[in-house]
Amino acid sequence: MTNARSLALAIACSAGAALAAPAALAHEAGDWIVRGGFHTVDPKSDNGDIVEVDSDTMFTFDVTYFFNANVGVELLAALPFKHDIGLVDGPTVASTKHLPPTLSAVYHFMPDAKVQPYVGAGVNYTIFFDEQTRGALDGTNLSLDNSVGLAGTVGVDIALDERWFLNAVVRYIDIDTDAKLDGADLETVSIDPWAFGLNVGYKF
Ligand code: NI
């Protein structure tokens, strides 16, 4: 047998083994996966009558615990996002930072597959802090109430080997906040962003 033939045979055998025995990829009760990467949080375009909110991209990570092969619970966390706030069709007058921790139940449709689509639904708690004003609002005190809302997730994990995988995810998060200027109600701002994430993941 030539070296080339034995090499081809070895590759064919291992490919066959990989196809025949995908169980190593399957999630089991008690498994954890972690993902780290970036999300772009893109607020909807019409946020309120007075103000509008820009998008931002930031480092995020999430941890999922599996109750069985299909069902788990995922906690998403992030470094603070920073969003500029402008007057509608006008200049930037403020900025805010926020942390959007989100707890979701997730369902993996094909837990044995190398390409694993999943969906999730859960609750987002958004904490706004470090509100700054400038321009037309310079010298005023802007505050944004924290928000509790529903969050939906559609994602896919693509296995690189038994441990490592790539991930792409789209989330919709219902974030609404009451804005106050110098303590007086300004308006309710609907941020309701789409968030787009790219991650590297690890299973252990
Ligand atoms: Ni909303």
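Reference entry: report on the structure contained in this document. These numbers come from a predicted model, not from an experiment.

Our focus in this paragraph is the packing of aromatic side chains. Overall, the coordinates contain eight aromatic pairs when judged by the stated rule. Taking 6.1 Å as the distance between ring centres and 80° as the angle between the ring planes, the aromatic pair formed by Phe 38 and Phe 59 counts as edge-to-face. Here the residue Phe 38 occupies a position in strand 1 (residues 32-42), and Phe 59 occupies one in strand 3 (residues 56-66), the gap between them amounting to 21 residues. Phe 38 sits in the partly exposed class, given a relative accessible area of 48%. Each ring, one from Phe 59 and one from Phe 61, has its centre 6.0 Å from the other, and the planes form 35°; the classification is tilted. Using a relative accessible area of 37% as the deciding quantity, one classes Phe 61 as partly exposed. Three or more aromatic residues joined by ring pairs form one cluster here, namely Trp 32, Tyr 65 and Phe 67.

The subject of this paragraph is the coordination of the nickel ion. Note on the nickel ion: its protein donors are Asp 174 (OD), Asp 176 (OD), Asp 176 (OD), Asp 192 (OD) and Asp 192 (OD). The metal-donor distances range over 2.0 to 2.6 Å. One chain supplies every donor to the nickel ion, and in sequence these donors are spaced D-x1-D-x15-D. Here Asp 192 lies in the loop between strand 13 (184-190) and strand 14 (194-203) and Asp 174 lies in the loop between strand 11 (164-173) and strand 12 (176-181), a separation of 18 residues in the sequence. Residue Asp 174 is classed as partly exposed on the basis of its relative accessible area of 27%.

Analysis parameters
Residues numbered from 1 in each chain as written. Predicted model: local features only at pLDDT ≥ 70, side-chain atom pairs only at ≥ 80, totals over all residues. Heavy atoms only, no water. Phe/Tyr/Trp six-rings, centres within 6.5 Å; stacked < 30°, edge-to-face > 60°. Helix = DSSP H or I, 4+ residues; strand = E, 2+ residues; numbered from the N terminus. Buried < 20%, exposed > 50% of the residue type's maximum accessible area, 1.4 Å probe, protein only. Donors = N, O, S within 2.8 Å, 3.2 Å for Na, K, Ca; no water.

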